[in-house]
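# Reading the structure
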Amino acid sequence: MFLVLLRRSGPRWDPARPMEEQSGWPAHSAFMDELLNAGFVVLGGPLADEHRVVLVVDAESEDLVRAALARDPWSETHLQVDSVQPWTIRLDGRRA
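Given the structure is predicted, the values throughout are model-derived calculations rather than measurements. (Residues numbered from 1 in each chain as written. Predicted model: local features only at pLDDT ≥ 70, side-chain atom pairs only at ≥ 80, totals over all residues. Heavy atoms only, no water.)

### Examining the environment of Leu 69
To keep it simple, the criterion reads: In DSSP terms, a helix is any run of H or I states spanning at least four residues, a strand is any run of E spanning at least two, and both are numbered starting from the N terminus. Residue contacts follow a heavy-atom distance rule, with two residues in contact if any of their heavy atoms lie within 4.5 Å.
Structurally, Leu 69 is set in helix α2 (residues 62–70). Measuring from C-alpha to C-alpha, the distance between Leu 69 and Leu 79 comes to 9.7 Å, with 10 residues separating the pair along the chain. Not counting residues up to four positions away in its chain, the partners in contact with Leu 69 are Leu 5, Arg 7, Phe 31, Leu 35, Leu 55 and Ser 75.

Quick look at the structure:
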């Protein structure tokens with residue numbers, strides 16, 4: 001099942017700095033790469049305001065998503081979960 005997750009900047013997010021210059025970036029980036037390589041994260045990235053991030057994940061439940069992201073070094077400091085919603089895909093341009 002695919003779920004769409006919206007995260008927003010947390011209390012330690014410095015709006016004067018780009019994402020890659022935030023404190024703890026290397027650890028967060030490595031963690032997210034692990035989720036991507038495991039197939040958990042399908043798509044992800046910041047929205048234009050760079051204070052919100054959208055992730056599409058392949059998981060069985062919202063609880064599993066929240067548990068996985070709780071291990072993120074940025075969890076609750078730089079990024080907080082706003083919402084997790086199941087996503088029904090009706091159009092898929094990835095097909096061969």
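### Concerning the sheet that holds strand β1 (residues 2–9)
We count it as follows: Two strands make a pair as long as DSSP finds a minimum of two bridges between them. Axis definition: a line fit to C-alpha positions, over the contact stretch in the case of helices; interaxial angles, taken between N-to-C directions, run 0 to 180 degrees.
Read from one edge to the other, the open sheet built from 4 strands follows the order β2-β3-β1-β4, with strand pairing classed as antiparallel. Of all strands in the sheet, those bounded by a partner on one side alone are β2 (41–46) and β4 (79–87). Across this sheet, the average inter-strand angle for adjacent strands is 15°, counted without regard to direction. Inspection of the sheet shows β1 paired to β4 by 8 bridges, in the antiparallel sense. Note that in β4 the partner of Val 4 across the bridge is Gln 85. Each of β1, β2, β3 (52–58) and β4 is contacted by helix α1 (residues 25–37), which is oriented at about 150° to β2, the strand it contacts most. Relative to β1, α2 is tilted by about 40°, and along the sheet it contacts β1, β3 and β4.

### Some thoughts on the UniProt feature "domain: YCII-related" (unreviewed entry) in the protein chain
What counts is decided by this rule: UniProt positions are given in the numbering used here, feature names are shortened, and annotations may be inferred rather than shown by experiment.
Here, the residues flagged by UniProt with the feature "domain: YCII-related" (unreviewed entry) are residues 1–85. In the segment residues 1–85, helix accounts for 26% and strand for 33%; the C-alpha atoms at its two ends are 11 Å apart.

### Side note on α2
Filter applied, for reference: Only protein chains enter the accessibility calculation, which uses a 1.4 Å probe; a residue whose area is less than 20% of its type maximum is buried, one above 50% is exposed, and one in between is partly exposed. The arc refers to the directions leading from the helix axis to the C-beta atoms.
For α2, the complete set of buried residues consists of Val 65, Ala 68 and Leu 69. Projected down its long axis, α2 carries its buried residues within an arc of 90°, all on one side. Elements that come into contact with the buried residues of α2 comprise β1, α1, β3 and β4.

### Overview of the packing of aromatic side chains
We apply this condition: Working definition: rings of Phe, Tyr and Trp (its six-membered ring) pair if their centres are within 6.5 Å, and the pair is stacked with planes under 30 degrees apart, edge-to-face with planes over 60 apart, and tilted otherwise.
The full count for this structure, using the stated rule, is 2 aromatic pairs. When the ring of Trp 13 is compared with that of Trp 74, the centres are 5.8 Å apart and the planes differ by 90°; the resulting orientation is edge-to-face. Placement of Trp 13 in the loop between β1 and α1 and of Trp 74 in the loop between α2 and β4 is noted, with a sequence separation of 61 residues between them. Residue Trp 13 is classed as buried on the basis of its relative accessible area of 10%. Pairing Trp 25 with Trp 74 gives two aromatic rings, centres 5.8 Å apart and planes at 55°, and the pair type is tilted.

### Comments concerning the pairing of β3
In the case of a regular strand, side chains alternate between the two sheet surfaces. The sheet contact formed by β1 and β3 spans 7 bridges and is antiparallel. Residue pairing across strands places Phe 2 opposite Asp 58, the latter belonging to β3. Relative to β3, β2 is paired through 5 bridges, and the arrangement is antiparallel. Across the sheet, the residue bridging to Pro 46 is Val 53, located in β3. The turn linking β2 back onto β3 is made up of 5 residues, and Glu 50 within it adopts a positive phi angle of 60°.

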